[in-house]
Amino acid sequence: MGRGAPVVRRLRAVPAALATLVVPTAMIIMVALAGSVLGRVYAGSLLTVLVAGAAVGSVLVSVVARRLPSWLVAPVSVLVMAGWTAWCLRLAAARADLPGGFAEVVGDAAGNAIPRLLTAMIPVEPTPDTILVPLVAAWLAGLAGAEVALRAGRVLLGYLPPVLLYTGALYVVGPNAEPAIGPTVALAVAAALGLAVSARAPGGDPVEELAPAVRAGVRARLAAASAAGTAVVVGLAAVLGPAVAALVQERPVDPRRYVEPPQVETLDENPLIRISGWALNPEQQLFQVATGGADTDPAAPQDSGARDPDVADPGAPDPAGAPDPARSGGIRVRLAVLSDYDGVTWRVGATYRNAGRILPATDPAPYATVETVEQEITVGELSGRLLPAVATPREVSGARVAYDPGTGTLIRPDGLSPGLRYTVTSARERPDFNLLATANTPAGDEVARVLHVADGAPEQLRRLAGQLAEENGAPYARAAAIEQWLAEHYRLVADAPSGHAYPNLAFFLFGPGNGGGQRGTSEQFAGSFAVLGRLAGLPTRVVVGFAAPLSGPVRAADAYAWPEVLFDGLGWVPFDPLPRPDDEPRPVEEDFRPQPEEPPPSEQPEPPLEPTSSPPPQAAPAGPAGDDGVPAPVLAAGSTGAVLLVVAGLLAILLGMRRAQTRGRLHRGDPGHRIAGAWREVTDALRLAGRPVAADLSATEVAGWARRALTDAVGPAANSLADAAAGTDGSDDDAGTGVPGAAVRVDARARAGGVTPSAVACGAVDDLARLVNQVAFAPGTVTAAQAAAATAAATTYTGALRAARPRWRRLLWSAHPGPLRWPR
């Protein structure tokens, strides 16, 4: 036994040495995996490598310093961490080409690390401010875990800091990367391996030295405790397992939504209002630009040869006040893209995210040629936060920027300052203009933002847009017609006041020429084009920028705004509605129809359909009445009777067709079709009453229009409404709707509720609008009872509206042929 003791000690020392090696390795792997998970939202692999270095360094310091007092290990490790972090920050700053000294960069990173990490655009550029927090957190997690696992021998408890670090990395990534299944499995394997090795620690069985009876009791209690613990774990797994499994399919929460992104001031949110100010100070030097060579992307389709608005056309004249780069040999430099319009202000409406040098790339349009344009820009007197750049920027160096990928707009959160110099590389798209004539425009929720027409559009704007759209069917033809209309009828001036709200645009388009109307800056031209385009069904936006030279100063006179239209397969295509300087504008009144070609019945009385009395026949000479011997009075009476019979027959046919149409709408088909038919009855009634509904109004807006129409009609005809509601006009029919008793029901509801029949009808049309919205947005959910309610609402409203008309109009209401031929 004496000679075997050293051998036993050596055998027991093997697991101890193995545990000393495996547990730190598992700790390093767990911390490094946290960096790998977080690195999925970073550009490149720099962050993953730096975090892995922090994991190795923090754990090795604890392993090497195990013989030192515990209170001394933490300061030593923090000193090493400071050195490693400083080296990493210098490396990241050099790679990102950040301006300023190292101390300035470190101070800025320390003060803004957390907010910039959570507001940075993905993929995140590994800059000092975006790597500082992960590096420090990884080092501290490795230090804490190694100290607890190695010095205190609590391996399971020592895993807590790396697991918390890993969980934090997953939370920061959020829904911006694929599920980290592989790293999570590797984390679990590394932790299990460390626990398995540490369980074979030296010292043998602790109850081996006890008496057999005591040893058996201790082992029984340990077995019971193990069984109880296993039961608890299994029970928790059974209870919590389904809930945890369900969370796997849930979309993770993005912590970035809790952090406010960089904000801008009014002038940067709506730079369109700066156009008039720049026009009054044309010599103000805003910035200098130097453009490098443009390289065509060989993977993109080649241009067909059509004229690009960003390429010089020496044969074309320059427009007054705002030179177009297409005619001056320059290039369009974009300042901001304005996609949102509320009837008062065009706004960028961007959500900016801090970005590094590399900006997120978007797929180019399928039928566009992509060119790489590199520019060096030096800021002069340009103020604000917006950064000029050729569309669409892909890389920016020399300035810390924030970017909105939805609009392609760049800002410098710290603001512009004279002398700021940065280099921007852009991917400029040149659409194939030969395909424009047949190109369509997209529709749906993805472009709803650039199709939205704000409430309150003046009627004259709607009529002008309708006139131009009516004469041009294809999307490009409509856009070209609007462009030509603005270029031919209005004058470009530099001293026009700023403004692009609905009243400003209406005055610009239709105001008297001798009173300041029909003249404006590019602000009014671009704003009018965009609004008219949306009214005509085109997705449009306004861009503010500069007609910059390839190299040289860009002055305030070079600033202007232009509209763009989105086409399928071609992307955003710019248009130029500015007039040529030598062209004299044509009077708007010569080409614009201020009134519809077919005025509604209320604006132009229709002639009664019944024949007027024939003029008295001239006296015929005495003698034979005619060649056939029939007297002239008999011939006249027969002709008049025949005409009356024909007219009566036509009226009867029209009345029957109208009633059949109404019954088909209200009582045939599924509930959805019946509700839609009831809505058609209301819109036809409004048209019969001389209040036609615009095609772009929603159901709720149409209901408001219907309420106003009925209120306006009831005012001068209150007595008629009361008589009709009581059925005193001799008819119990609902004014030609084919549903008997509707008028009596209107009066009954009015008497029961103590309100007028018009108020009941207004409430009915509101109820019908809600049902129409339900059919549109939740098809298949309406019931037969709701369809019956829609029928009652339609008959109530149409009966009230008909009753408010003059008596001779009510007589012709049911036989009017309009609803039979109006488009569905």
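Residues numbered from 1 in each chain as written. Predicted model: local features only at pLDDT ≥ 70, side-chain atom pairs only at ≥ 80, totals over all residues. Heavy atoms only, no water.

Glancing now at the overall build of the chain. Each helix and strand counted, the chain has 27 helices and 16 strands in total. Across the chain, every contact between residues at least 6 apart in sequence was considered, and the portion connecting residues at least 24 apart equals 77%. When the accessible surface of the chain is summed, it comes to about 39600 Å², and 61% of that surface belongs to carbon and sulfur atoms. (Helix = DSSP H or I, 4+ residues; strand = E, 2+ residues; numbered from the N terminus. Contact = heavy atoms within 4.5 Å. Areas by Shrake-Rupley, 256 points an atom, 1.4 Å probe, with all protein chains shown as cover.)

A few words now on empty space enclosed by the protein. A complete count under the given rule lists 6 cavities of 30 Å³ or more for this structure. Roughly 180 Å³ of internal volume is contained in the largest cavity. Surrounding the largest cavity, 21 residues form its lining, Thr127, Ala355, Gly356, Arg357 and Arg400 being those nearest its centre. Looking at the lining of the largest cavity, the elements that each hand over two or more residues are helix H5 (128–151), strand E5 (353–355) and strand E7 (393–397). Residues that form the lining of the largest cavity fall into these classes: 9 nonpolar, 6 polar and 6 charged. (1 Å grid on protein atoms, 1.4 Å probe; cavity = no way out; pocket = protein on both sides within 12 Å on 5 of 7 lines; lining within 4 Å. Points joined across faces, edges and corners; volume = space filled by probe spheres on them. Nonpolar A, V, L, I, M, F, W, Y, C, P; charged D, E, K, R; others polar.)

So, about the side chain of Arg428. Counting through the fold element by element, Arg428 comes out in strand E10 (residues 421–431). Side-chain polar atoms of Arg428 contact the side chain of Glu371, separated by 2.5 Å. (Polar contact = N/O pair within 3.5 Å; in protein donor to acceptor, adjacent residues only side chain to side chain.)

Turning our attention to the sheet that holds E5. Taken in spatial order, the 3 strands of this open sheet run E5-E8-E9, and their pairing is antiparallel. Of all strands in the sheet, those with a lone pairing partner are E5 and strand E9 (409–411), marking the two edges. Neighbour-to-neighbour, the strand axes of this sheet turn through a mean angle of 40 degrees, independent of strand direction. When E5 meets strand E8 (residues 401–404), the two strands line up antiparallel, connected through 3 bridges. Paired with Arg353 across the strands is Tyr403, a residue of E8. (Pairing = 2+ DSSP bridges. Axes fitted to C-alpha atoms, helices over the stretch in contact; angles between N-to-C directions.)

Mapped onto the secondary structure, Tyr560 falls in strand E15 (residues 559–567). Given a relative accessible area of 1%, Tyr560 falls into the buried group. Spatially, the C-alpha atoms of Tyr560 and Val543 are 8.6 Å apart, while their sequence positions differ by 17 residues. At a separation of 3.0 Å, a polar atom in the side chain of Tyr560 contacts the side chain of Arg332. (Buried < 20%, exposed > 50% of the residue type's maximum accessible area, 1.4 Å probe, protein only.)

With that out of the way, let us pick up helix H7 (residues 160–173). With 14 residues, H7 extends 20 Å from end C-alpha to end C-alpha; this agrees with the ideal 20 Å at 1.5 Å per step. Among the residues making up H7, those that are buried are Pro161, Pro162, Leu165, Tyr166, Ala169, Val172 and Val173. Down the axis, H7 shows its buried residues gathered within 140 degrees of arc, on one side only. Gly174 lies just past H7 and shows a positive phi near 60 degrees. (Expected span 1.5 Å × (residues − 1). Arc of directions from axis to C-beta.)

Right, let's talk about unusual backbone geometry for a bit. Cis geometry marks the peptide bond from Ala391 to Thr392; its omega dihedral reads -5 degrees. Among the structural elements, Thr392 can be located in the loop between strand E6 (368–379) and E7. At Gln518, a residue that is not glycine, the phi angle is positive and equals roughly 60 degrees. Here Gln518 lies in the loop between helix H16 (502–510) and strand E12 (519–520).

Looking now at the environment of Gly349. Along the polypeptide, Gly349 turns up in the loop between strand E4 (346–347) and E5. For Gly349, a relative accessible area of 28% gives the class partly exposed. Residues Gly349 and Glu269, 80 residues apart in the sequence, show an inter-C-alpha distance of 7.1 Å. Discounting residues that sit within four places of it in the chain, Gly349 has contacts with Glu269, Asp340 and Arg449.

Before going further, it helps to examine the sheet that holds E15. If you trace the 4 strands from one edge of the open sheet to the other, you get E2-E13-E15-E16, paired in antiparallel fashion. The open sheet has two edge strands with one neighbour each: strand E2 (331–338) and strand E16 (571–574). Taking the axes of each pair of neighbouring strands and ignoring which way they run, one obtains an average angle of 40 degrees across the sheet. Relative to E15, strand E13 (residues 540–548) runs antiparallel, the two sharing 7 bridges.

This part takes up the layout of surface pockets. In this structure, the second largest pocket spans a volume of roughly 910 Å³. Lining the second largest pocket are 41 residues, and of these Arg334, Thr392, Arg541, Gly571 and Trp572 sit closest to its centre. If you list the elements that add at least two residues to the lining of the second largest pocket, you get E2, E10, helix H13 (448–451), E15 and E16. Counting residues per element, the lining of the second largest pocket draws most heavily on E10, which supplies 5 residues. Among the residues making up the lining of the second largest pocket, the classes are represented as 19 nonpolar, 8 polar and 14 charged.

This next bit is on the packing of helix H3 (residues 70–96) against H5. Running from amino to carboxyl end, H3 crosses H5 at an angle of 155 degrees, the nearest separation of the two axes being 10 Å. The orientation of H3 relative to H5 falls into the category roughly antiparallel. In this structure, H3 meets H5 at a crossing whose hand is right-handed. Contacts between H3 and H5 involve Ser70, Val73, Ala74, Ser77, Val80, Met81, Trp84, Thr85, Cys88, Leu89, Ala92 and Ala93 from the first element and Pro128, Ile131, Leu132, Leu135, Val136, Trp139, Leu140, Leu143, Glu147 and Arg151 from the second. (Parallel < 35°, antiparallel > 145°, perpendicular 65-115°, else oblique. Left-handed = near helix turned anticlockwise from the far one by under 90°.)

Under the criterion given, the structure shown has 22 salt bridges. The closest approach of N and O atoms between Glu459 and Arg463, which form a salt bridge, is 3.6 Å. Placement of the pair is Glu459 and Arg463 together in helix H14 (residues 459–470), with a separation of 4 residues, close to one helical turn. Residue classification places Glu459 among the partly exposed positions, given a relative accessible area of 45%. (Salt bridge = Lys/Arg side-chain N within 4 Å of Asp/Glu carboxyl O.)

Attention shifts here to the packing of aromatic side chains. In total, this model carries 13 aromatic pairs according to the counting rule given. On the numbers, 5.7 Å between centres and 50 degrees between planes, the contact of Trp278 with Phe546 is tilted. Of this pair, Trp278 sits in helix H11 (residues 275–280) while Phe546 sits in strand E13, placing them 268 residues apart in sequence. Like Phe546, Trp278 is buried. Members of the aromatic cluster, joined through ring pairs, are Tyr476, Phe529, Phe567 and Phe575. The aromatic ring of Trp562 is capped on one face by Arg332, whose charged end is 4.9 Å from the ring centroid. Looking at Arg541, its charged tip hangs above the ring of Trp572, at a distance of 4.0 Å from the centre. (Phe/Tyr/Trp six-rings, centres within 6.5 Å; stacked < 30°, edge-to-face > 60°. Lys NZ or Arg CZ within 6 Å of the ring centre and 35° of its normal.)

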